[in-house]
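Each chain is listed here by its residues.
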Amino acid sequence: MGNIREVRISRKTRIGDYDQFAKGTEAGLRKIAKPLRGRRILHVNATADGGGVAELLQGQVSFENALGLASRWFVINAPSRFFAATKQMHNLLQGKSGRLDEGSKRFYLEMNRAFGRSLMRIVSSFRPHAVVIHDPQPLAAIGALAGKVPVISRLHGDLLTPNTETLEFIRPFLMKAKRVVMSNRDYLKNFPWLSPRQADIIYPAIDPFSAKNKPMEKDAAARILEGFGVNPTKPLIAQISRFDPWKDPMGVVQAYYRAKNVFPTLQLALVGLTLAKDDPGAADIFRQIKKHEKGDPDIFLFADPRITKRVPNDALVSAAYVASEVIVQKSIREGFGLTMTEAMWKGKALVAGRTSGARAQISDGRNGILVSSPEEAGRAIVRLLRHPAFRAKLGRAARESVRRHFLMPRFVADNLKLYKEVA
Ligand code: UDP
């Protein structure tokens, strides 16, 4: 099956370990999972590494198996022309102006017919009780599956201001899904044609035991970054994100320069190592930033995945969170934004663009700061650098809100309830 391959998960989840974050977690989950034991769930998405969906699936699939379900995860293989088309689709759905050209639409549908055929072969042998199609890339394959197996469409993007024409293009596929799951209630207004029973909201979550979310000592973090030239005696801010216009890395650089006028020794790290296969534009954005930073020795750009041979991606990401005084997520659109959850779990003060994903996680001034421009971001960074006690207070509240709302067990429980209704 050349255009679909299975992702093997090495992580082993021990459900009992999660009781340390909330008593009774294991018992509660096992109770919900009991009637689902042996149920087979097939997840399909575009990429096995790079980006939030892959991150989420690593935890979710491992968790579902630990609870007695049989969950498997497949990714599609496609030429770069396909990912260029789906990236454009993603951008349009997140509100970029323009339109999807007819050639791209045709190629998207043609590739999806092939995915559909491969998926049907997997369905015939694995006989899943439900198929979850993540995001629009393999969505049109639903044509081959609907009526034979219940399909859930899981949309992870920011759907607050989607391009109407592109939404109309994917509408017939969404209509075929038993359920369409999104990350924010505010998106529902754009889907009036989905019946209330068909639409669901599930907030994503992080796994506190994954390599990047486990605790790391501040000294260890400083040593890792020192290896790349970051000075541990000077203040550091960071954004951890793919180089993507929606993540506004240029806005982060502008905010950094504003703060640097007040704190001349300030350093900035932009960490965007995982150049995901479905993200062909990243290299261009990176070149723009490179031009803009004009050789500033206090800006550290991490974009070449080859450096992870020396320090694994997760260790570098974790170190950047831990070693930074302030974490920035200056996004303009964010379906949810796991990087914010990760930073908050590390107890960091976060300055975030006022996106729907940030509003779902941050209450302004209590567990983070919301901003609407690079100027505001710059001012927020200065305020936080000036007031370590305020920084610590935000960080503590941030960690507590993740513990209560955005850890894997809650997310898995929500999904199990969904499977119960669908499968
Ligand atoms: N990430 C990573 N290495 C990097 C940059 C990002 O592992 O160099 C991870 C990050 O830690 C997070 C995910 O990629 O787990 C990004 O998820 P998010 O939901 O924030 O954004 P997306 O990329 O899906 O838009």
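Within every chain, residues take consecutive numbers counted from 1 along the sequence as written. Only residues with pLDDT of 70 or above have their local features reported here, since the model is predicted, and side-chain atom pairs are shown and tallied only from 80 upward, although totals for entire chains, interfaces and linings are computed over all residues. As a convention, hydrogens and water are excluded, and side-chain values are obtained from all of the structure's heavy atoms.

Chemist: Explain the packing of helix α8 (residues 249-262) against helix α13 (residues 374-386) to me, please; I cannot follow it from the model alone.
Modeler: Working note: a packed helix pair is described by the angle between its axes plus the distance between those axes. At a closest axis distance of 8 Å, the pairing of α8 and α13 adopts a crossing angle of 45°. What the angle tells us is that α8 and α13 run oblique. For α8 against α13, the interelement crossing comes out right-handed. Mapping the contact onto sequence places Gly251, Gln254, Ala255, Arg258, Ala259 and Val262 in α8 and Pro374, Glu375, Ala377, Gly378, Ile381, Val382 and Arg386 in α13. Axis definition: a line fitted to C-alpha atoms, limited for helices to the stretch in contact. Angles are taken between N-to-C directions and run from 0 to 180 degrees. A helix here means a DSSP run of H or I that spans at least four residues, while a strand means a run of E at least two residues long, and both kinds are numbered starting from the N terminus. An angle below 35 degrees is read as roughly parallel, one above 145 as roughly antiparallel, one from 65 to 115 as roughly perpendicular, and any other as oblique. Left-handed describes a crossing whose near helix is turned anticlockwise from the far helix through less than a right angle; right-handed describes the clockwise counterpart. Residue contacts are counted whenever heavy atoms from the two residues lie within 4.5 Å of one another.

Chemist: Would you mind showing me how to read unusual backbone geometry here?
Modeler: In terms of backbone geometry, most residues other than glycine have negative phi values and most peptide bonds are trans. Positive phi outside glycine occurs at Arg127, with the angle close to 45°. Summarising the element assignment, Arg127 is placed in the loop between α4 (102-126) and β4 (130-134). With a phi angle near 65°, Asp135 is a residue other than glycine that sits in the positive phi range. Take Asp135: it is sitting in the loop between β4 and α5 (142-145).

Chemist: Explain α8 to me, please; I cannot follow it from the model alone.
Modeler: Helical geometry note: an α-helix holds 3.6 residues per turn, so side chains three or four residues apart project in the same direction. For α8, built from 14 residues, the straight-helix expectation of 20 Å at 1.5 Å per residue is met to within 8% by its first-to-last C-alpha distance of 21 Å. Looking at the buried positions of α8, the neighbouring elements they touch are β8 (236-240), β9 (267-271), α9 (282-293), β10 (299-302), β11 (326-329) and α13. What a helix should span is 1.5 Å times the count of its residues minus one.

Chemist: Just checking my understanding: could you explain the site of the ligand for this structure?
Modeler: Proximity is defined per residue: any heavy atom of the residue falling within 4 Å of a molecule or strand makes that residue near it. Looking at the ligand, there are 17 residues lining it, with Gly52, Arg242, Lys247, Leu273 and Glu342 nearest. Two N or O atoms count as a polar contact when they lie within 3.5 Å, although within protein this holds only if one can serve as hydrogen donor and the other as acceptor, and sequence-adjacent residues are included solely when both atoms are side-chain atoms. For the ligand, an oxygen atom lies 2.6 Å from a polar atom in the backbone of Gly52. Contacts to the ligand include Lys212, whose side-chain N or O atom sits 2.9 Å from an oxygen atom. Burial of the ligand by the protein chains amounts to 91% of its free accessible area of 540 Å². Within the residue set of the shell around the ligand, elements represented by two or more residues are α2 (52-66), α10 (313-323) and α11 (338-345). Gly is placed with the polar residues, together with every amino acid not listed as nonpolar (Ala, Val, Leu, Ile, Met, Phe, Trp, Tyr, Cys and Pro) or charged (Asp, Glu, Lys and Arg). Across the shell around the ligand, the residue classes break down as five nonpolar, seven polar and five charged. The Shrake-Rupley method, run with a 1.4 Å probe sphere, supplies the accessible areas, and residue values consider only the shown protein chains as cover.

Chemist: I would appreciate a short explanation of the environment of Arg5 in the present structure.
Modeler: Relative to the helices and strands, Arg5 is located in strand β1 (residues 4-7). Spatially, the C-alpha atom of Arg5 lies 20 Å from that of Leu69, the residues being 64 residues apart in sequence. Contacts of Arg5, omitting those with residues within four sequence positions, involve Ala48, Trp73, Phe74, Val75 and Asn77.

Chemist: What's the story with the pattern of salt bridges in this structure? I'm lost.
Modeler: When the charged atoms of two side chains with opposite charge come close together, those side chains can pair. Within this document, salt bridges are pairs made up of a side-chain nitrogen of Lys or Arg and a carboxyl oxygen of Asp or Glu, the two lying within 4 Å of each other. A full pass over the atoms with the stated rule returns 25 salt bridges. Across the pair Glu421 and Arg179 runs a salt bridge, and its minimum N-O distance is 2.9 Å. With Glu421 in helix α15 (residues 408-422) and Arg179 in strand β6 (residues 179-182), this pair connects stretches of sequence that are 242 residues apart. Arg179 sits in the buried class, given a relative accessible area of 6%. A salt bridge links Lys260 to Asp298, with the shortest nitrogen-to-oxygen separation between them at 2.7 Å. Note that Lys260 is positioned in helix α8 and Asp298 in the loop between α9 and β10, a separation of 38 residues in sequence. Three exposure classes are used, based on accessible area relative to the maximum for each residue type with a 1.4 Å probe and protein chains only: buried under 20%, partly exposed in between, and exposed over 50%. Classification of Lys260 as buried rests on a relative accessible area of 15%. Here the salt bridges share partners, and the residues they tie into one network are Arg99, Glu102, Lys105 and Glu165.

Chemist: Looking at this model, I keep getting lost on the sheet that holds strand β2 (residues 40-45). Mind explaining?
Modeler: Strand pairing in a sheet relies on backbone hydrogen bonds, with the paired strands running either antiparallel or parallel. Two strands qualify as a pair provided that DSSP identifies no fewer than 2 bridges between them. With mixed pairing, seven strands are arranged side by side in an open sheet as β1-β3-β2-β4-β5-β6-β7. For this open sheet the edge positions go to β1 and β7 (199-201), each flanked by a neighbour on one side alone. Across the sheet, the axes of successive neighbouring strands diverge by a mean angle of 25°, strand direction being ignored. Pairing geometry for β1 and strand β3 (residues 70-76), over four bridges, is antiparallel. Within β3, the residue paired with Arg5 across the bridge is Val75.

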